[in-house]
Amino acid sequence: MFYLITFTLIYLAITVYFSYLGYRRTVTVSDYLLAGRQVHPVTMGLSYGATYISTSAIIGFGGVSALYGFGLTWLAFLNIMIGVWVAFVIFGKRTRKMGKALDAHTFPELLGRRYESRFIQGFSGLVILIFMPVYTAAVLIGISRFIEVYLNIPFSTAFLAFLLITACFVIWGGLKGVLYTSAFQGVIMVVSMVAIGISTYYSLGGISQAHRSLEAITPMVPHYLQEAGHRGFTSMPQVFSSIWWYVLTTMIMGVGIGVIGQPQLNVRFMTLKSDRELNRSVPFTAIFILCTTGVAYAVGALTNVYFYNTYTELPLHAVQGNLDKIIPLYIDRFYPQWFVALFLVCLMSAAMSAGSSQFHALGTSLSRDIFEQALLKGKSVAETTIVTRIGIVLSIFATLIIGLVLPESIVAVATAFFFSLCGATFIPVYLFGLYWKRGTKPAAKASILSGFFVSLIWMLLFHEEEARAFGLCRKIFNMESLAGHPWNMIDPQIIALPISFIVFIVVSLVTRPVREETVAKAFIHI
Amino acid sequence: MLGFSDSWVFAGFAFMIASALFCVVYGILNWRKGGIEK
């Protein structure tokens, strides 16, 4: 308890200092929304990484890799290649330039101004406002599960306390406060995760020996998982089996591709003053992602060796099937108390950096995208920051309710749900907006609506994971899913994203382009 | 390779590390490129 109180107080004191620094340096609306477009590349790299990689990756996907094994290293590859290189170089550079040319302050505003459509900005803001709290709840559930295991207090108490702490920082600090604190939190995450990675591999006799030990316990995989296609923790699942479809399309591709459509990440590109900062941010972010997700997925799989060698059972059984408790239990059982306290600070960092950015995106969606655009017809007012803070408070209540009603083993699933929905809804209009001058306003509307509704229908009626949770399909058709194998295991994004792309291209070719002046203005720096 | 008998898993592990190295090399090669618009 001494270590916990000491580390937590030091951490909170430094975080309060950085948040206060952000508050002091926030003068204009642009400061609050975009940190004045003057962010240092190391700050950008660490804060982007810390926002992208939350407790969801460490606790949620760490638990998933404990179940499915090393196949999740493909997700780490996509996290780096798509989430960093493609996001920064292919999307980020043009987002920064176009955001500046169109004077856009949020991701929906960028899309709305590019296509001259208040509807696109308002609808995009609404999608964020309604569905992002599911992801925010998942992030906060991640740390709440750890607090539950470590301090032995009720999950709901831990969840409520941490939700309030996170919300306080973003309400006062604006994006500058969020950037400063998340960069500091990013440093803590890298140090903690590297320490866990090295200690795990070292105590198992090195990299190759650790992997061989994991392969040796393949026969311990539960029979029902083997029947579904599980071939051990150091092998990919049986091709075309239900587990293979699920791991590949939902856990790997759903999150790996969906990151491009994440509003709270895309807005970061608009905070930089030149492409030079963007180029320099790429290596810092990539190393950060490797040290956090790469370690989390590897250690998650290797927990099987520890639990089997010590308790002759797999961690899946030790946590009674709740995947979100595997990493917390592993740290609690196999590490000294001072390190457990340090890891809790690491998770606080991960949860607060991601959570605060999400609350910031939620607040600006209400103020900038819905209040100013839909209600005031585009009129900019001085009350923007006040409405943003009201939006954050409303989001806190939504997150609280969602977090308390979500079932167990939900962190990775809820994350994949939001990433998948954003990917199918936003990626085509975003990509074509940056690269295709011929893209039209009706095409953008049709693409966003088709991506969103196809995703939603697929989730409610076909994809068994969500269809079973929502229960709508059972109520109407008296069955868990309208589709059989493999369609009931294929992620909604895999279906909705191609449809959304095709709709955009076809409608663009038969409708009138956006006004030439708008296109010229949007591409002025490109 | 590296204790993995499944070549797909080894490839995932190798690609994960290679992609991070690729990003580092990209950052170094483009360190001075991309100035501010006029």
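Rules behind the numbers
Residues numbered from 1 in each chain as written. Chains lettered and ligands numbered in written order. Predicted model: local features only at pLDDT ≥ 70, side-chain atom pairs only at ≥ 80, totals over all residues. Helix = DSSP H or I, 4+ residues; strand = E, 2+ residues; numbered from the N terminus. Rg over C-alpha atoms; globule rule 2.2 N^0.38 Å. Contact = placed C-beta atoms within 7 Å. pLDDT = per-residue confidence, 0-100. Nonpolar A, V, L, I, M, F, W, Y, C, P; charged D, E, K, R; others polar. Axes fitted to C-alpha atoms, helices over the stretch in contact; angles between N-to-C directions. Parallel < 35°, antiparallel > 145°, perpendicular 65-115°, else oblique. Left-handed = near helix turned anticlockwise from the far one by under 90°. Buried ≥ 20, exposed ≤ 12 C-beta atoms within 10 Å, placed from the backbone. Core = buried A, V, L, I, M, F, W, Y, C linked by C-beta atoms within 7 Å.

**A look at the overall build of chain A**
Regarding its fold elements, chain A presents 23 helices and 0 strands. For chain A, the C-alpha radius of gyration of 22 Å lies close to 24 Å, the compact-globule estimate for 526 residues. Seen through its C-alpha atoms, chain A measures out along the principal axes to roughly 70 × 55 × 40 Å. For chain A, the share of sequence-separated contacts (at least 6 apart) that also reach a separation of at least 24 residues comes to 82%.

**Some thoughts on the confidence of the model for chain A**
Within chain A, residue pLDDT values average 87, and 92% of them lie at 70 or more. Within chain A, helix H22 (residues 492-510) of chain A carries the highest mean pLDDT (95), whereas helix H2 (residues 29-34) of chain A carries the lowest (55).

**Considering the interface of chain B and chain A**
On the chain A side, the residues contacting the 25 residues of chain B number 34 residues. Among the residues making up the side of chain B that touches chain A, the classes are represented as 14 nonpolar, 8 polar and 3 charged.

**Thoughts on the packing of helix H7 (residues 118-151) of chain A against helix H19 (residues 441-461) of chain A**
Residue and element names in this part refer to chain A. Taken N-terminus to C-terminus, the directions of H7 and H19 make an angle of 20 degrees; their axes are 10 Å apart at the nearest point. By the criterion of interaxial angle, the relationship of H7 to H19 is roughly parallel. For the crossing formed where H7 meets H19, the hand is left-handed. Across from Phe-119, Ile-120, Phe-123, Ser-124 and Val-127 in H7, the residues of H19 making contact are Ala-444, Lys-445, Ile-448 and Phe-452. Considered class by class, the residues forming the contact of H7 with H19 number 7 nonpolar, 1 polar and 1 charged.

**Some details on unusual backbone geometry**
All names here are of chain A. The step from His-485 to Pro-486 runs through a cis peptide bond, and the omega angle for that step is 0 degrees. Following the sequence through the fold, Pro-486 ends up in the loop between helix H21 (472-477) and H22. Even without being a glycine, Asp-103 presents a positive backbone phi close to 55 degrees. The class of Asp-103 is exposed, set by 12 C-beta atoms lying within 10 Å. A positive phi angle, close to 60 degrees, is found at Asn-152, a residue other than glycine. Positionally, Asn-152 belongs in the loop between H7 and helix H8 (155-203).

**Details of the nonpolar core**
Core analysis: the largest hydrophobic core is formed by 182 residues, its most contacted members being A:Leu72, A:Ile80, A:Met251, A:Leu347, A:Ala351 and A:Ala414. Beyond its immediate stretch of four places on either side in the chain, A:Leu347 contacts A:Thr55, A:Ile58, A:Gly142, A:Ile143 and A:Phe146.

**Side note on the packing of H7(A) against helix H15 (residues 326-334) of chain A**
All names here are of chain A. Contact geometry for H7 and H15: axes closest at 9 Å, N-to-C directions at 35 degrees. Here H7 runs over H15; the crossing is right-handed. Contact residues: H7 offers Arg-145, Phe-146, Val-149 and Tyr-150, while H15 offers Pro-328, Leu-329 and Asp-332. Residue composition of the contact of H7 with H15, by class: 5 nonpolar, no polar and 2 charged.

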